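Residues per chain are reported as follows:
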Number of protein chains: 2
Amino acid sequence: MATLYHFPLCPHSRFVRLAIAESGVHPDYAEERAWERRREFLMLNPAGTTPVFALDDGLVAVGAGPISEYLDEQRGAELEDERMLPVDPRGRLEVRRLVDWFNQKFFDEVSGPLAMEKGYKRYMRNEDGGGPPDTVVIRAAKANIRYHMKYIGWLSATRNGLAGDRITYADLAAAAHLSVVDYFGDVPWDEDEAARAWYARVKSRPSFRALLADRMPGMAPSAHYEDLDF
Amino acid sequence: MATLYHFPLCPHSRFVRLAIAESGVHPDYAEERAWERRREFLMLNPAGTTPVFALDDGLVAVGAGPISEYLDEQRGAELEDERMLPVDPRGRLEVRRLVDWFNQKFFDEVSGPLAMEKGYKRYMRNEDGGGPPDTVVIRAAKANIRYHMKYIGWLSATRNGLAGDRITYADLAAAAHLSVVDYFGDVPWDEDEAARAWYARVKSRPSFRALLADRMPGMAPSAHYEDLDF
């Protein structure tokens, strides 16, 4: 049985959970607290990061990019119109550009710092970097998110999906990262109406249900986190 | 004519220059000082980062990952044994894992900070973040590189390439990032003999020549930078 090692507040894990669900794959899910640097986990991924997808046949797919490319290569063709990575060169370039935008840039500027300060640090021991949140870092991330909301709004104002007419990995990546920020209640939904409408569409997909059911110990999500009509 | 927008000290640009040369493509090369946020460049890539590959037919490939995937999709098949992304699932997973290791982890921990502190800051205006190098950041990067050298040594001790028997994108990514650090003379080559021998092999490929010819204004490379027998 294939197993996805993930953490509920890890935005890259969430992206991969969406990609897996959209691909019609049904692995086991194992929560991994990567900062504990569990030996068996480090043997799967020496970088010590989530997500890691351990496959049936002994293959190990490490990281959001390689896992999503693997899923498309293995399952994409049979998904036809629901394929998350288009087959035309222009579509592929645009989807991969936006996946990197969210998995790298948005993560560095917004979802990574917020997940660390408001989430991970609660569960980490002090000697591993745990402790109270750094309010300066939180303030910077909450300032940074505003131009990303405008960009999402601009992209989605005239299109069904961020990268074009269809929902693709670009939408899954963007929504995965936003969903972590939304758990903390830090998405300024009033900032852009088109961005909100786009997120409502992605959030209502069946693949999103598991994410909306996530509950972190001792930390309730924002009031509207699960609400499809927020 | 296709144009690659790059910067000589940008490790991701160097990876793509190697990938382009190995693919037998011959674009124009345009040096881009991304921090100047030139309007025409931002229209190609709103993230404002190098590399950007503007293609003949109006397509724009943004970033190391999307560009290298595009090159493989367009040119890989005819490269046959010289293909930089293997065709078997296991090979693809391992190459992409290691490309991410260097383009993300090594960049965050080593080549990014060193390129910024020792390189970019010389050319940036003070109001854009220029100024003298931060010695604390440099010291941390020079400490971080040591375990990466051991990892490269461990991977290359029993294989021809980092990801397996052949040279792949994994080798190009690793060598591209190391070459920037080597320009500054900050690679501890004594640390691992297998890593040194591996780098000497990659460095002697024709695709590497243009990188070894790079010269930054007012900043000579380390004495052995160009030496194939260092």
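Our subject is the structure that appears above.
These numbers were taken from a predicted model, which means no experiment stands behind them.

Visitor: Let's hear about the side chain of A:Glu94: which residues, and what values?
Guide: Residue and element names in this part refer to chain A. Residue position: Glu94 is located in helix α4 (residues 89-123). Among the polar contacts made by the side chain of Glu94, one reaches the side chain of Arg97 at a distance of 3.0 Å. Discounting residues that sit within four places of it in the chain, Glu94 has contacts with Arg159 and Ala163.

Visitor: Tell me what's going on with the interface of chain A and chain B, and back it up with residues and numbers.
Guide: Counting from both sides, the interface comprises 25 residues of chain A and, opposite them, 25 residues of chain B. Each partner contributes to the roughly 2100 Å² buried at the junction of chain A and chain B, and carbon and sulfur atoms together form 65% of this total. Three residues, A:Pro66, A:Leu93 and A:Arg96, lead the burial of chain A against chain B; their summed loss comes to 26% of the area buried on that side. Measuring nitrogen to oxygen at the nearest pair gives 2.9 Å for the salt bridge that ties A:Arg96 to B:Glu73. Across the chain A-chain B interface, the total number found is 4 residue pairs in polar contact (both at pLDDT 80 or more). Among the elements of the structure, β4 (60-62), α3 (64-79) and α4 of chain A are those that each provide at least two residues to the side of chain A that touches chain B. Broken down by element, the residue count for the side of chain A that touches chain B peaks at 10 residues, all from α4(A). Along the lines of polarity and charge, the residues of the side of chain A that touches chain B split into 13 nonpolar, 3 polar and 9 charged.

Visitor: Report on the pattern of salt bridges, specifying residues and quantitative values.
Guide: Applying the stated criterion to the full structure yields 52 salt bridges over all chains. Between B:Glu40 and B:Arg38 there is a salt bridge, with the nearest N and O atoms lying 3.7 Å from each other. By relative accessible area, which is 49% here, B:Glu40 ends up partly exposed. Under the relative-accessibility criterion, B:Arg38 is labelled partly exposed at 32%. What you see here is one network of salt bridges that share partners, running through A:Glu69, A:Glu73, A:Arg92, A:Arg96, B:Glu69, B:Glu73, B:Arg92 and B:Arg96.

Visitor: Just give me the short version of the relation of the copies chain A and chain B, but keep the residues and values in it.
Guide: Turning chain A through 180° and shifting it by 0.0 Å along the axis lays it on chain B, with an RMSD of 0.0 Å. The symmetry that links the two subunits is that of a two-fold axis. Mapped onto chain B, 100% of the interface residues of chain A again fall at the interface, so both copies present the same surface.

Visitor: Quick one: what's the story with the sheet that holds strand β3 (residues 52-54) of chain A, residue by residue and with numbers?
Guide: Residues and elements named next belong to chain A. Spatially, β2-β1-β3-β4 is the arrangement adopted by the 4 strands of the open sheet, whose pairing is mixed. Every interior strand has two partners, whereas the edge strands, β2 (28-31) and β4, have only one. On average, each strand axis in the sheet is tilted by 20° relative to the strand beside it, whichever way the strands run.

Visitor: Account for unusual backbone geometry, naming residues and giving values.
Guide: With glycine set apart, most residues show a phi of negative sign, and most peptide bonds adopt trans. Cis geometry marks the peptide bond from A:Thr50 to A:Pro51, where omega comes out at 0°. Here the phi dihedral of A:Arg37 falls at roughly 50°; this positive angle occurs in a residue that is not glycine. Note that A:Arg37 resides in the loop between β2 and α2 (39-44). Of note in this structure, B:Glu80 is not a glycine but carries a positive phi near 50°. Of note, B:Glu80 is situated in the loop between α3 (64-79) and α4 (89-123). With a relative accessible area of 61%, B:Glu80 lands in the exposed category.

Cut-offs used in this document
Residues numbered from 1 in each chain as written. Chains lettered and ligands numbered in written order. Predicted model: local features only at pLDDT ≥ 70, side-chain atom pairs only at ≥ 80, totals over all residues. Heavy atoms only, no water. Helix = DSSP H or I, 4+ residues; strand = E, 2+ residues; numbered from the N terminus. Polar contact = N/O pair within 3.5 Å; in protein donor to acceptor, adjacent residues only side chain to side chain. Contact = heavy atoms within 4.5 Å. Buried area = accessible area lost by both parts, 1.4 Å probe. Salt bridge = Lys/Arg side-chain N within 4 Å of Asp/Glu carboxyl O. Nonpolar A, V, L, I, M, F, W, Y, C, P; charged D, E, K, R; others polar. Buried < 20%, exposed > 50% of the residue type's maximum accessible area, 1.4 Å probe, protein only. Least-squares fit on C-alpha atoms with pLDDT ≥ 70 in both. Pairing = 2+ DSSP bridges. Axes fitted to C-alpha atoms, helices over the stretch in contact; angles between N-to-C directions.

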